[in-house]
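# Architecture at a glance
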Amino acid sequence: MIKVLTWLWRAPECRTQYTADHVNTWADMVRRNLTMDHTIACVTDMPEGIAPGIEIIPLPQDFVDVRIPTWGENAPQCLRRLAMYAPDAADRFGDRFVSMDLDVIICGALDPLFDVPDDFKIYKGTSRKRPYNGSMQLITAGARPKVYTEFSPCLLYTTEVHDDPLFVDPAGRITINLTTTSVPRHITPTPTLSTLRI
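The structure displayed is predicted, hence computed values, not measured ones. (Residues numbered from 1 in each chain as written. Predicted model: local features only at pLDDT ≥ 70, side-chain atom pairs only at ≥ 80, totals over all residues. Heavy atoms only, no water.)

Below, the discussion takes up the overall build of the protein. The helix and strand tally for the protein stands at five helices and eight strands. Along the chain direction, N to C, the helices and strands of the protein fall in the order β-α-β-β-α-β-α-β-β-α-α-β-β. Across the 198 residues in the protein, those meeting the buried criterion constitute 51%. Considering only residue pairs separated by 6 or more positions, the protein has 65% of its internal contacts joining residues 24 or more positions apart. By element, 51% of the accessible surface of the protein is carried by carbon and sulfur atoms, the whole surface being about 9,500 Å². (Helix = DSSP H or I, 4+ residues; strand = E, 2+ residues; numbered from the N terminus. Buried < 20%, exposed > 50% of the residue type's maximum accessible area, 1.4 Å probe, protein only. Contact = heavy atoms within 4.5 Å. Areas by Shrake-Rupley, 256 points an atom, 1.4 Å probe, with all protein chains shown as cover.)

Turning to the pairing of strand S4 (residues 96–100), a few remarks are in order. Most of S4 sits inside the fold, with five of its five residues counted as buried. Because side chains alternate across S4, one face comprises the buried residues Arg96, Val98 and Met100, and the other comprises Phe97 and Ser99, equally buried. Sheet topology places strand S1 (residues 2–8) next to S4; three bridges connect them, and they run parallel. Bridge pairing in S4 links Leu5 to Ser99. (Pairing = 2+ DSSP bridges.)

The next point concerns the packing of aromatic side chains. Summed over the entire model, instances satisfying the criterion amount to four aromatic pairs. Geometrically, the ring pair formed by Trp7 and Trp9 is edge-to-face, given 6.3 Å between the ring centres and 90° between the ring planes. On the basis of relative accessible area, Trp9 is assigned to the buried category, the value being 16%. Aromatic side chains Tyr85 and Phe120 sit 5.9 Å apart centroid to centroid with 55° between the ring planes, which places their arrangement in the tilted category. Of this pair, Tyr85 sits in the loop between strand S3 (54–58) and helix H2 (89–93) while Phe120 sits in strand S5 (residues 120–127), placing them 35 residues apart in sequence. (Phe/Tyr/Trp six-rings, centres within 6.5 Å; stacked < 30°, edge-to-face > 60°.)

Because an α-helix packs 3.6 residues into every turn, residues spaced three or four apart end up facing the same way. Counted at 1.5 Å a residue, the expected span for helix H1 (residues 20–33) with its 14 residues is 20 Å, and the 20 Å between its end C-alpha atoms agrees. Those residues of H1 that sit buried are Ala20, Val23, Asn24, Trp26, Ala27, Met29, Val30 and Asn33. Where H1 begins, one side-chain oxygen reaches toward the backbone nitrogen of Asp21, 3.2 Å away; that side chain belongs to Thr19. (Expected span 1.5 Å × (residues − 1). Polar contact = N/O pair within 3.5 Å; in protein donor to acceptor, adjacent residues only side chain to side chain.)

Before going further, it helps to spend a moment on the pairing of strand S6 (residues 130–140). The element S6 is extensively covered by neighbouring structure, given that nine of its eleven residues are classed as buried. With six bridges joining them, S5 and S6 adopt antiparallel strand pairing. When the sheet's bridge partners are listed, Lys124 is paired in S6 with Tyr132.

Moving on, we come to the pattern of salt bridges. Applying the stated criterion across every chain yields a total of eight salt bridges. For Lys3, the salt bridge goes to Glu55, with nearest N and O atoms at 2.9 Å. Note that Lys3 is positioned in strand S1 and Glu55 in strand S3, a separation of 52 residues in sequence. With relative accessibility at 12%, the residue Lys3 sits in the buried group. The exposure class assigned to Glu55 is partly exposed, which follows from its relative accessible area of 34%. (Salt bridge = Lys/Arg side-chain N within 4 Å of Asp/Glu carboxyl O.)

Here is the structure:
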């Protein structure tokens, strides 16, 4: 069984404010478009109003105070999501899970994306400067622990930072190679997933 999760946290400084209604709508889209056995969860510090049947996972506090220097003050700071790569991620998220951004529109079957043997998949980025897009990631818990264990906030100042900083290459300590796999255009904004080997 796979757990499909999204994230919702208080961020009053951000330009867009999401609510429990957005989570409930997202969960309905997932249910309509995924037939394989699954559960749905929200990682949040705002559980009020989230529909029954959506598991509430307490929001990790890892790297919560780390600011991405190239992002403006009104941009979300998503480094807390690095907790998905912690060696003990299964304790929090389950053995196999998909993390999806809340601002997606799902308009087709998700099974072909999730019913795969890979221990990790991520959306391919939109340019060479942004090779990864963290808006959707399929992870077998524990598959890439170095992303968490070797992350250091100082790397954000010494390494090129992409739109999604989850995969900062810390001076060669993590090697990233991509193999592109075509998938249907069911989830916006990007049409392909990539396998990340670390």
